[in-house]
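Examining the three-dimensional arrangement
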Amino acid sequence: MIASVRRWADSDVGHSFLHSPTAIVAALIAFVCIFCAVFAPWVAPHNPFDLATLELSNARLPPAWQAEGSREFLLGTDDQGRDILSALMYGARISLAVGFASVVLSVVVGVLFGLLAGFLGGWIDAVLMRLCDVMLSFPAILVALLIAGVGRAMFPNAHETLAFGVLIISISLTGWVQYARTVRGSTLVERSKEYVQAARVTGVAPLRIMHRHVLPNVMGPVLVLATIQVATAIITEATLSFLGVGAPPTSPSLGTLIRVGNDYLFSGEWWITIFPGAMLVLIALSVNLLGDWLRDALNPRLQ
C-alpha cells in the first residue's frame, strides 16, 4: 500500500497534484462532503427523516450562535423541526448518488457510441452523429424536466428506486452526447495509427481492437470530462428537485431542501435555504476545480 502511494506520488499526475494548492484544497473539501454523505447515518447528529423524533416546537430555530439558537441544532432547524446539518448530509447523499450514477451511465453509452462511430465510420457514424445533433438541439434541463415529469405522471405511486431510476435516465439522456463526440474525435485519430493498422493486418477482430487498443488511448479526455460533468449532473438534479420533479419528497436532496427553505427566505429564516445552497456550491466548485486540475495534469503540452 505504501509503495503504491509512493509510486503515485512520483508519477506526473501525483507530482502535479502535490504541487497544486488549489487541487489539494478542492480534494479535501470534496472528500469531507463525500465522507459525510456516505456515512450520514453514523456521522449526522440526528436522523432528519425519522418522524418519531421530530418535534414541531423545534421548528425554525436559528443557528446555535444566534440568540434563540440551540447547541443541539448547530445550523438551526427547518419548518418541520429537522436538523439542518443532518439534512445537509442526507441530502448530499442523494444528490451525489444521482450525480455519479447519471455520469456513469452517460460515460458507458457515450463511449460505446463514440467508439462505434469513430472506428467503423460509414452509415453508423452518420446515424449516431445526427442523433447527437438532434439531442444537442434541445436544452439539457428541458429534456430532463420533460422525461422526469412524464415518468412521474406514468408512475405516480412508483417505489423510490424507480423514481430515482427515472431521474438518472432523464439526466443521462443528453449527457452521453459530449462523451460520444469526444471519443469519436479521438478514435478517428487513433484508428489511422500504425499499431491499429498492425492489429488489423494480423487479423485481430474489430471489436477486440476497439476494446484492447483504441479504448485505453481515448479515455484521458473522457476522465476529465466525466469529472467536470459530475458537478453539472448534481446541479441538474438539484434544479429538477427544486422544480418538484426530482427526488421523491420522502427522500429530499439538496435541491428539495433549497425549495423548502425558499418559502421562508424573506421571512427571516434564511438558514433553511442558505446552508443547503452553500453545500451545493461547495460540492460543485470542488469537483470543477478537480476537473480543471486533472485536465491540466493529463495534458502533455503542459508538462
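In this report, the structure presented in the accompanying data block is examined. All values derive from a computational prediction rather than experimental measurement. (Residues numbered from 1 in each chain as written. Predicted model: local features only at pLDDT ≥ 70, side-chain atom pairs only at ≥ 80, totals over all residues. Heavy atoms only, no water.)

1. Some thoughts on the pattern of salt bridges
Scanning all chains against the criterion turns up 6 salt bridges. Of the charged contacts, one joins Arg-82 and Asp-78 as a salt bridge, the two residues approaching to 2.7 Å between their closest N and O atoms. Across the pair, exposure class does not vary: Arg-82 and Asp-78 are buried alike. In this structure, the salt-bridge partner of Arg-130 is Asp-133, at a minimum N-O distance of 3.0 Å. On the criterion of helical spacing, the pair formed by Arg-130 and Asp-133 is a turn pair, its members being 3 residues apart in helix H6 (residues 122–136). Judged by its relative accessible area of 33%, Asp-133 is partly exposed. Through salt bridges with shared partners, a single network forms among Arg-130, Asp-133 and Arg-181. (Salt bridge = Lys/Arg side-chain N within 4 Å of Asp/Glu carboxyl O. Buried < 20%, exposed > 50% of the residue type's maximum accessible area, 1.4 Å probe, protein only. Helix = DSSP H or I, 4+ residues; strand = E, 2+ residues; numbered from the N terminus.)

2. A few points about the environment of Leu-280
Relative to the helices and strands, Leu-280 is located in helix H12 (residues 271–297). As a C-alpha pair, Leu-280 and Leu-28 span 252 residues in sequence and 16 Å in three-dimensional space. Discounting residues that sit within four places of it in the chain, Leu-280 has contacts with Ile-234, Ala-238, Leu-254 and Ile-258. (Contact = heavy atoms within 4.5 Å.)

3. Points about the nonpolar core
If you look at the biggest cluster of nonpolar residues, it comprises 51 residues, and the most contacted ones within it are Leu-254 and Ile-283. Elements with a minimum of two residues in this core: helix H3 (21–38), helix H5 (84–120), helix H7 (140–154), helix H8 (160–190), helix H9 (194–201), helix H10 (206–242), helix H11 (254–262) and H12. No other element matches the 13 residues that H10 contributes to this core. For Leu-254, the contacting residues outside a window of four places in its chain are Leu-88, Gly-91, Ala-92, Ser-95, Pro-276, Met-279, Leu-280 and Ile-283. One finds Ala-117, Leu-128, Met-129 and Val-177 within the second-largest nonpolar core, a separate group that totals 8 residues. (Core = buried A, V, L, I, M, F, W, Y, C linked by side-chain atoms within 4.5 Å.)

4. Some words on the packing of aromatic side chains
Within the structure shown, the criterion is met by 8 aromatic pairs. When the ring of Trp-270 is compared with that of Phe-275, the centres are 5.6 Å apart and the planes differ by 55 degrees; the resulting orientation is tilted. The class for Trp-270 is partly exposed, based on a relative accessible area of 29%. An aromatic cluster of at least three residues, connected via ring pairs, comprises Phe-31, Phe-35, Phe-39 and Trp-42. (Phe/Tyr/Trp six-rings, centres within 6.5 Å; stacked < 30°, edge-to-face > 60°.)

5. Re unusual backbone geometry
With a phi close to 55 degrees, Arg-60 is a non-glycine residue in the positive phi region. Within the secondary structure, Arg-60 is located in the loop between helix H4 (40–43) and H5. What makes Arg-60 partly exposed here is its relative accessible area of 40%.

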